[in-house]
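# Secondary and tertiary structure notes
Residues per chain, in single letters:
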Amino acid sequence: MADLRGKVALVTGAGRKRGIGRAIALRLAQDGADVVVAGSVRDPATFPEHERAEGWRGIASVADEIRALDRRSLAIDCDVAVKAQVEAMVSQIVDELGGVDILVNNAALPSEAGRASIIAMDDEVWYRTVDVNLNGLYLVTKACARAMVKAAKGGAIVNISSTAGRIGIPDYGAYCATKWGMIGFTQQLALELAAHGIRVNCTCPGSTDTDMMDGTFQRTAEKFGIDPGAPKQGAINRIPLHRQGRPADQAAAVAFLCGDDASYITGQTLNVDGGLNMA
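These lines cover the structure that appears in this document, whether it is placed above or below. (Residues numbered from 1 in each chain as written. Predicted model: local features only at pLDDT ≥ 70, side-chain atom pairs only at ≥ 80, totals over all residues. Heavy atoms only, no water.)

We now examine helix α4 (residues 83–97). Along an α-helix, a turn takes 3.6 residues, which lines up residues three or four apart on a common side. If you check α4, its first and last C-alpha atoms are 21 Å apart, about what 15 residues at 1.5 Å a residue would give, namely 21 Å. Within α4, burial applies to Val 86, Met 89, Val 90, Ile 93 and Leu 97. Viewed along the axis of α4, the buried residues span an arc of 90°, placing them on a single side of the element. In this structure, α4 carries Ala 84 and Asp 95 as exposed residues pointing more than 90 degrees from its buried face. Those residues of α4 that are buried lie in contact with β1 (8–12), β2 (34–39), β3 (73–77) and α5 (123–151). Where α4 ends, the next residue or the one after it, Gly 98, has phi of about 95°, a positive value. (Helix = DSSP H or I, 4+ residues; strand = E, 2+ residues; numbered from the N terminus. Expected span 1.5 Å × (residues − 1). Buried < 20%, exposed > 50% of the residue type's maximum accessible area, 1.4 Å probe, protein only. Arc of directions from axis to C-beta. Contact = heavy atoms within 4.5 Å.)

So, on to helix α7 (residues 211–224). Here α7 contains 14 residues, and its C-alpha end-to-end distance of 20 Å stays within 8% of the 20 Å for a straight helix at 1.5 Å per residue. Listed as buried for α7 are Asp 211, Met 213, Thr 216, Phe 217, Arg 219, Thr 220 and Ala 221. On its buried face, α7 sits against α2 (49–53) and α8 (229–238). Positive backbone phi, at 65°, marks Gly 225, one or two positions downstream of α7.

What follows covers the environment of Cys 78. Its place among the elements puts Cys 78 in the loop between β3 and α4. Residue class for Cys 78 comes out buried when judged on its relative accessible area of 3%. As a C-alpha pair, Cys 78 and Asn 271 span 193 residues in sequence and 28 Å in three-dimensional space. Not counting residues within four places of it along the chain, the set of residues in contact with Cys 78 comprises Gly 39, Ser 40, Gln 85, Val 86 and Met 89.

Let's shift gears to the pairing of strand β5 (residues 155–160). Summarising burial for β5: six of the six residues are buried, a large majority. Every second residue of β5 is oriented toward a common face, with Gly 155, Ile 157 and Asn 159 on one face and Ala 156, Val 158 and Ile 160 on the other, all of them buried. In this structure, strand β4 (residues 102–105) lies alongside β5, joined through four bridges in parallel fashion. Its bridge partner lying in β5, Asn 105 is registered against Asn 159. (Pairing = 2+ DSSP bridges.)

What follows is about the pattern of salt bridges. Applying the stated criterion to the full structure yields 17 salt bridges. For Arg 18, the salt bridge is made with Asp 211, and the minimal N-O distance between the two is 2.4 Å. Here Arg 18 is found in the loop between β1 and α1 (20–30), whereas its partner Asp 211 is found in helix α7, with 193 residues between them in sequence. For Asp 211, a relative accessible area of 15% gives the class buried. Note that Asp 249 and Arg 243 form a salt bridge whose closest N and O atoms lie 3.0 Å from each other. (Salt bridge = Lys/Arg side-chain N within 4 Å of Asp/Glu carboxyl O.)

With that settled, the discussion passes to the packing of aromatic side chains. Counted under the stated rule, the structure contains one aromatic pair. Over the ring of Phe 47 we find Arg 42, and its NZ or CZ is 4.2 Å from the ring centre. When the ring centre of Phe 224 is taken as origin, the NZ or CZ atom of Lys 223, which lies over that ring, is 5.9 Å away. (Phe/Tyr/Trp six-rings, centres within 6.5 Å; stacked < 30°, edge-to-face > 60°. Lys NZ or Arg CZ within 6 Å of the ring centre and 35° of its normal.)

Once that is clear, we can look at the environment of Arg 166. Along the chain, Arg 166 falls in the loop between β5 and α6 (175–193). When the C-alpha atoms of Arg 166 and Ala 38 are compared, they prove to be 26 Å apart, with 128 residues separating the residues in sequence. Filtering out sequence-adjacent residues up to four positions away, Arg 166 remains in contact with Trp 180, Ile 183, Cys 204, Thr 269, Leu 270, Asn 271 and Ala 279. In terms of polar contacts, Arg 166 uses its side chain to reach the side chain of Asn 271, at 2.9 Å. (Polar contact = N/O pair within 3.5 Å; in protein donor to acceptor, adjacent residues only side chain to side chain.)

Structure, rendered in structure tokens:
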């Protein structure tokens, strides 16, 4: 486990019970960090059945879980694509928790992954996906990196891309394009922030057992008129380790990149996909 005691981390897109963001937030807290969880407000009527059944409250529930680990936490409603909200969020973190040492950019929209080709997708879906997946990445990173540079204590930034950022996948809407862009952004930023002791890395999760991935499988099944379980089983069949990833698998990789054991690693992109991609 990484020793993150005394660190303050911000994890965006952390409000889903079966999400990678929640798993990352909890792992960083388990490793000693105080953790801020951010996410856009969701209508409870749109929550998956398993969340509604337990009275899930999004990022508020995650913050409660973090506090139960005896760590400080804030739950901040924030649309990462809105500059004023992002800047207010970072100011609140600095004021209440003293700064930002770790940033995990996990917020993302799946676009119409599994359903829409580029020529068929709705323009507004494209624009909104770019807004969240790239413009949001830029805004949150800029605000947090400025705070890190001012504090002069170094820091770690981890961007959550996707295997869809490694290879082209048909009918993945704007998801591929934005996730590829995240990798280039990681490399550029790593060079720009190295002099300040701020490391910037990226992970590319493969098929992971989350609600977002289930949605992609469902859209694919609807597109081709096939059994809903077929896309998932097909994905598993292609993975050398013969299983989907768990959110905890993704969280472990992120925690490593945030800790001192990765102190000489920056500008890198790590596939966490069961061996599906090896380049």
